[in-house]
Amino acid sequence: MSLALDPAAQDLLFREARTANTFTDEPVTDEQVQAIYDLVKFGPTAFNQSPLRITLVRSPEARERLVQHMAEGNAAKTKAAPLVAILSADNEFHEELPALFPHFPQAKDMFFGERPVREQSAQLNAALQAAYFIVGIRAAGLAAGPMTGLDFAGVQKEFLDDDHTPLMVINIGKPGEDAWFPRSPRLAFDEVITTV
């Protein structure tokens, strides 16, 4: 094999991992979430920015408020999952750059002084971090059910502020009965890779 990761880990993170649609009622602890974050925070981003923000929806009242903003096909899954996380991009991430990118603190104002530039960068880099977060959930032996079928404006108004843009909602837990839809096809190597 040309991969350093052993086949069992490859299966856990990629080949056997799927988007879960049902979950058991086994809780997801704060310690598990912290272990996931402490692993995935090292994923690369531009200028080492860290725009991803994660809102854990634990209380029944908050869960009901969130379910109201989910698409019809996602509402029941969100209501039943052991843990739900709202992932958003912090459009004011640049305020942390002097600490996160200390060898070039001027990057904060030089590259990210204008809000539209920050928003674009926050969206891209928080999406990268969201992908790492999904892989981290899998590394913890849990399943993730990421969803973008939701009322983004409603979720922002209900849970966030004008400086945070919602990206997705992720149901998290141990997979339940009939958790998986059939595996969808993927593009082959030659359909994606070009050498110039």
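Q: I keep staring at a nonpolar patch on the surface and nothing clicks. Help me out?
A: Together, Leu187, Phe189, Val192 and Ile193 make up an exposed nonpolar region whose accessible area comes to about 440 Å². By the secondary structure assignment, Val192 is in helix H9 (residues 189-192). Residue classification places Val192 among the exposed residues on the basis of a relative accessible area of 51%.

Q: Looking at this model, I keep getting lost on unusual backbone geometry. Mind explaining?
A: Leaving glycine out, the prevailing phi sign among residues is negative, and the prevailing peptide bond configuration is trans. Here the phi dihedral of Phe47 falls at roughly 55°; this positive angle occurs in a residue that is not glycine. Counting through the fold element by element, Phe47 comes out in the loop between helix H2 (30-40) and strand E1 (52-57). A residue is classified by how much of its surface remains accessible, and Phe47, at 25% relative accessible area, is partly exposed.

Q: Would you mind going over the sheet that holds strand E3 (residues 143-147) with me for this structure?
A: Across a sheet, paired strands are connected by hydrogen bonds in the backbone, their directions being either parallel or antiparallel. Across the sheet, which stays open at both edges, the 4 strands sit in the order E1-E2-E4-E3 with antiparallel pairing between neighbours. Lying at the two open borders of the sheet, with one neighbouring strand each, are E1 and E3. Each strand axis lies, on average, 30° off the axis of its neighbour in the sheet, ignoring direction. Pairing of E3 with strand E4 (residues 164-173) involves 5 bridges; the strand directions are antiparallel. Among the inter-strand pairings, Met147 is bridged to a residue of E4, identified as Val169.

Q: Got a minute to help me understand the nonpolar core in this structure?
A: In globular proteins that are soluble, nonpolar side chains generally tend to be buried together. If you look at the biggest cluster of nonpolar residues, it comprises 26 residues, and the most contacted ones within it are Leu87, Phe133, Ile137, Ile170 and Ile172. Elements that contribute at least two residues to this core include exactly H2, strand E2 (83-90), helix H6 (107-112), helix H7 (115-139) and E4. For this core, the leading source of residues is H7, giving 6 residues. Residues in contact with Phe133, not counting those within four places in the same chain, are Ile36, Val40, Ile54, Leu87, Ile170 and Ile172.

Q: Looking at this model, I keep getting lost on the pattern of salt bridges. Mind explaining?
A: Any two side chains of opposite charge can pair, so long as their charged atoms come close to each other. All chains considered together, the criterion is met by 13 salt bridges. Linking Arg53 and Glu96 is a salt bridge whose minimum nitrogen-to-oxygen distance equals 3.0 Å. In this pair, Arg53 sits in strand E1 while Glu96 sits in the loop between E2 and helix H5 (97-100), placing the two residues 43 residues apart along the sequence. Between Lys108 and Glu95 there is a salt bridge, and its shortest N-O distance comes to 3.4 Å. Of the two residues, Lys108 sits in helix H6 while Glu95 sits in the loop between E2 and H5, which places them 13 residues apart along the sequence.

Q: Looking at this structure, I do not really get the packing of H2 against H7. What am I missing?
A: When two helices pack together, their arrangement is given by the angle between their axes and by how far apart the axes lie. Two numbers describe how H2 lies on H7: the axes approach to 9 Å, and their chain directions differ by 130°. Of the possible angle classes, the one that applies to H2 and H7 is oblique. Taken as a pair, H2 and H7 cross one another with a handedness that is right-handed. Of the residues in H7, those in contact with Ile36, Leu39 and Val40 of H2 are Tyr132, Phe133, Gly136, Ile137 and Ala139. Grouping the amino acids of the contact of H2 with H7 by side-chain chemistry returns 7 nonpolar, 1 polar and no charged.

Q: Is there a simple way to explain the packing of helix H1 (residues 7-15) against H7 in this structure?
A: Orientation of H1 relative to H7, taken along the N-to-C sense of each, is 130°, at an axis distance of 9 Å. Between H1 and H7, the angle falls in the class oblique. Regarding H1 and H7, the two cross each other, and that crossing is right-handed. Each of Leu12, Leu13 and Phe14 in H1 lies in contact with H7, whose residues at this interface are Val135, Arg138 and Ala139.

Thresholds, definitions, all that
- Residues numbered from 1 in each chain as written.
- Predicted model: local features only at pLDDT ≥ 70, side-chain atom pairs only at ≥ 80, totals over all residues.
- Heavy atoms only, no water.
- Patch = residues over 30% accessible without salt bridge, like charges linked within 9 Å, V, L, I, M, F, W, Y side chains within 5 Å.
- Areas by Shrake-Rupley, 256 points an atom, 1.4 Å probe, with all protein chains shown as cover.
- Salt bridge = Lys/Arg side-chain N within 4 Å of Asp/Glu carboxyl O.
- Helix = DSSP H or I, 4+ residues; strand = E, 2+ residues; numbered from the N terminus.
- Buried < 20%, exposed > 50% of the residue type's maximum accessible area, 1.4 Å probe, protein only.
- Pairing = 2+ DSSP bridges.
- Axes fitted to C-alpha atoms, helices over the stretch in contact; angles between N-to-C directions.
- Core = buried A, V, L, I, M, F, W, Y, C linked by side-chain atoms within 4.5 Å.
- Contact = heavy atoms within 4.5 Å.
- Parallel < 35°, antiparallel > 145°, perpendicular 65-115°, else oblique.
- Left-handed = near helix turned anticlockwise from the far one by under 90°.
- Nonpolar A, V, L, I, M, F, W, Y, C, P; charged D, E, K, R; others polar.

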